[in-house]
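Overview (structure and organization)
Residues per chain, in single letters:
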Amino acid sequence: MDRKEFIHHMRRWQKGSISRRQFLGVTGLGLATAVLVKAMPELLAPRQAFAGDLGDRVSLSTWPNYHDPKNFEDFTAKTGVNVEVNVFGSNEEMLAKLQAGGTGWDLFVPTNYTISTYKELDLIEPLDLAMLPNYDPASMEKRFVEAGMIDGKTYAVSKDWGTTGYAVNTKKISEKMTSWKDFWDLAMGKYSGRAMVHDYQLTTIGNALKYYGYSFNSIADKELADAEKLLLAAKPHLFAINSDYQPSMRNGDAWLTVCWTGDGKQMHRDLPEIEYVIGKEGGEIWSDFYAVPKGAPHRAAGYALADFLLTPAVNAKEVQAHGYPSADARTNKLLPKELLEDPIMYPAAELLAPLEFGAAATLTNPARAEIMARFKSA
Amino acid sequence: MTAIRTSAQVERRARWVTALLLGPSFLWYLALLVVPLAVVVVFSFGERAPAGGYQAGFTIANYLNLPARSAAFRNTLLLAPLGTIVCLLAAYPLAYYLAIKASPRLRLFLLILVIVPFWTSFLIRTYAWMFILGGRGLPSVIEWLGLGEVRLINTPLSVLIGMVYGYLPLMVFPIFVSLERLDKRLIEAAADLGSNPWRSFLQVTLPLSAPGVITGCMLVFILLMGEYLIPQLLGGGKVFFIGNALVDLFLQSRNWPFGSAVAMSLVIIMLATVTVYLRVTRRYGAGRDVSLL
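Going by what an unreviewed UniProt entry lists, chain B is known as ABC transporter permease and is assigned to Hypericibacter terrae. In its Sequence similarities (unreviewed entry) section, the UniProt record describing chain B reads: "Belongs to the binding-protein-dependent transport system permease family. CysTW subfamily." The UniProt entry for chain B carries the following text under Subcellular location (unreviewed entry): "Cell membrane".

Going by the annotation in an unreviewed UniProt entry, the name recorded for chain A is Potassium transporter Trk, with Hypericibacter terrae given as the source organism. Per UniProt, chain A carries the Subcellular location (unreviewed entry) text "Periplasm".

Structural data, given as structure tokens:
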């Protein structure tokens, strides 16, 4: 068929004088499509098999640098479900979006201290563990999963865990840094204009509290006032207040930053001079979870995605990509030895001991929210 | 009966047609502008719920608390007008050259150069500026030239540069349009009557391009007042605008009532400034079409 004839048929189809089926038949496009489908069964066959159950898309809300994109591709190839990823900077932001409603999320990644709040606000559903056959509670390290259990029901299943320390570019900073006191003193002193802190009250205020040796979770007025004073004094010396600190650290604009395990691991992997420090005064240990919001539009696909990512073989690939340790013994068995011995991912016991899990009260405390806002708008 | 209608009937009918045609846009205006604004007003007098959000109540505490965001108001009220003025100073000569001096072919080429960036995502263009102003960009060139070490990114200056870059086309186009419409014989007439070029610019060209200048300034100023992205990306979270304060109040502190009060103040400040601006400039724009207003 020549071009003119093809256009003629297409116009007829557009005008409605022939049906789509006729158009595909006459032009040969239908046959071409059928041949294409036969040639690539792995692409389209599962789609047909799952189409009825899962639909064609799933919406995941998560954190930056937190997954292996290849795993999403594999999931799509296996089920025909496309993964739409939304990235957030803080749990507060995630909570606010869900509270406002109409997010369209099917699966999201809350942190330990938020789960009770989500449950109280009736924003998440108790999980149907029958739909997560690859999740095995028995193989999980207890302290990292218990925040997901409320009144004996599982509201969220463990994704992975980590610590909040700071990253230092040792090519630029010669001092041996070991504490939060070092971090703040050098950020305000010798390395003025080179430090970054999170755009996140929990960690930024928490680690300012650690400067004085107070609890990371403190909501005591006097202690918070001290932390605010430190933050306001530090602000003119900071390079930026931003949770996406990898670009600035990698290009050398920033030399030290408050940092989560996996970001520390990812930067250290590519630039060995960037080291990760856990303040000896303590700070935060945390665990992240998968949860399903109430009214998820593609609920089954959300469960399927969580189940897929929790499959030990898949999860091991996730861990290798994002550099956060897993709480799942089955996954850890599949990891190379050097990861399990990595001091960034699995710090020494004496560094882990003083770390605290964030508390729900810390997250929702209005005084802390207001201090962070005053710090940022100062 | 003949179909002759009285003028009153014709008028009544015309009024009906007008109402019918305006109906949809009126409903649109009501549903998407008036109602949400009313919600914001109600929220601004409410209280923050314990876990964040809104809780019914009546208090003016949110308005009394506005000074707690004075830095955001100060940054916005300084940098938005400054950005508008710099835009105007940069755009006028360009628009003048485009409309009056450039040959038609060159004009088309230059216009395309002004428009093309609009086809790329604003976010990506702002990210590009992060690299240009970041340590490995312009500052390293300045250092290489031996002009000393400078810090550009995450300063008020980088925010200003980003704002002027982002909104310049919105200033160029209205001025270009009003200058292009200008009857060039008027300038010739001024010259014939003995006016030097500078004087005819001041007395003929500039007043006749006033509608474009007014429109451009309004467009740029209003958008800059609500700017969020540029301070966030080029200010590193340190040069805080009202827009950033709003996002923070709604998403991080989850203090919706206070956020609503800040939003209302922004609306009021904008209405007041724009009204004053229009009053002052009315005598230049009077009797001419100030498009988009």
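**Some details on empty space enclosed by the protein**
What the rule picks out here adds up to one cavity of 30 Å³ or more. The calculated volume of the largest cavity comes to roughly 60 Å³. Around the largest cavity, the lining residues are Glu92, Gln201, Leu363, Ala369, Met372 and Ala373 of chain A together with Asp248, Gln252 and Ser253 of chain B. Those elements that place two or more of their residues in the lining of the largest cavity are helix H20 (366-377) of chain A together with helix H12 (242-252) of chain B.

**Considerations on the interface of chain B and chain A**
If you look at the interface, chain B gives 29 residues, while chain A gives 31 residues. Around 2,500 Å² of area is buried between chain B and chain A when both sides are counted, 46% of it from carbon and sulfur atoms. When the buried area of chain B at its contact with chain A is split by residue, Lys238, Gln252 and Arg254 of chain B rank highest and sum to 25% of it. The interface formed by chain B and chain A includes two salt bridges. The salt bridge involving Glu370 of chain A is made with Arg69 of chain B; its shortest N-O contact spans 3.2 Å.

**With respect to the side chain of Asn332 of chain A**
Residues and elements named next belong to chain A. Locating Asn332 in the fold gives a position in helix H16 (residues 329-333). A residue is classified by how much of its surface remains accessible, and Asn332, at 17% relative accessible area, is buried. In this structure the side chain of Asn332 is engaged in a polar contact, spanning 3.3 Å, whose partner is the backbone oxygen of Ser326. Residue contacts for Asn332: discarding those within four places in its chain leaves Ser326, Leu340 and Tyr346.

**Details of the UniProt feature "domain: ABC transmembrane type-1" (unreviewed entry) in chain B**
Per the UniProt entry, the sites bearing "domain: ABC transmembrane type-1" (unreviewed entry) are residues 73-279 of chain B in this numbering. End-to-end, the C-alpha atoms of residues 73-279 of chain B are 24 Å apart, and along that stretch the chain is 79% helix and 0% strand.

**Looking at the pairing of strand E2 (residues 82-87) of chain A**
Residue and element names in this part refer to chain A. Across six bridges, strand E1 (residues 57-62) lies against E2 in parallel orientation. Each residue of the ladder has a partner; that of Ser59, found in E2, is Glu84. For the crossover from E1 across helix H5 (residues 69-79) to E2, the handedness is right-handed.

Definitions and cut-offs
Residues numbered from 1 in each chain as written. Chains lettered and ligands numbered in written order. Predicted model: local features only at pLDDT ≥ 70, side-chain atom pairs only at ≥ 80, totals over all residues. Heavy atoms only, no water. UniProt positions renumbered as here; feature names shortened; annotations may be inferred. 1 Å grid on protein atoms, 1.4 Å probe; cavity = no way out; pocket = protein on both sides within 12 Å on 5 of 7 lines; lining within 4 Å. Points joined across faces, edges and corners; volume = space filled by probe spheres on them. Helix = DSSP H or I, 4+ residues; strand = E, 2+ residues; numbered from the N terminus. Contact = heavy atoms within 4.5 Å. Buried area = accessible area lost by both parts, 1.4 Å probe. Salt bridge = Lys/Arg side-chain N within 4 Å of Asp/Glu carboxyl O. Buried < 20%, exposed > 50% of the residue type's maximum accessible area, 1.4 Å probe, protein only. Polar contact = N/O pair within 3.5 Å; in protein donor to acceptor, adjacent residues only side chain to side chain. Pairing = 2+ DSSP bridges. Right-handed = clockwise from strand over helix to strand, strands pointing away.

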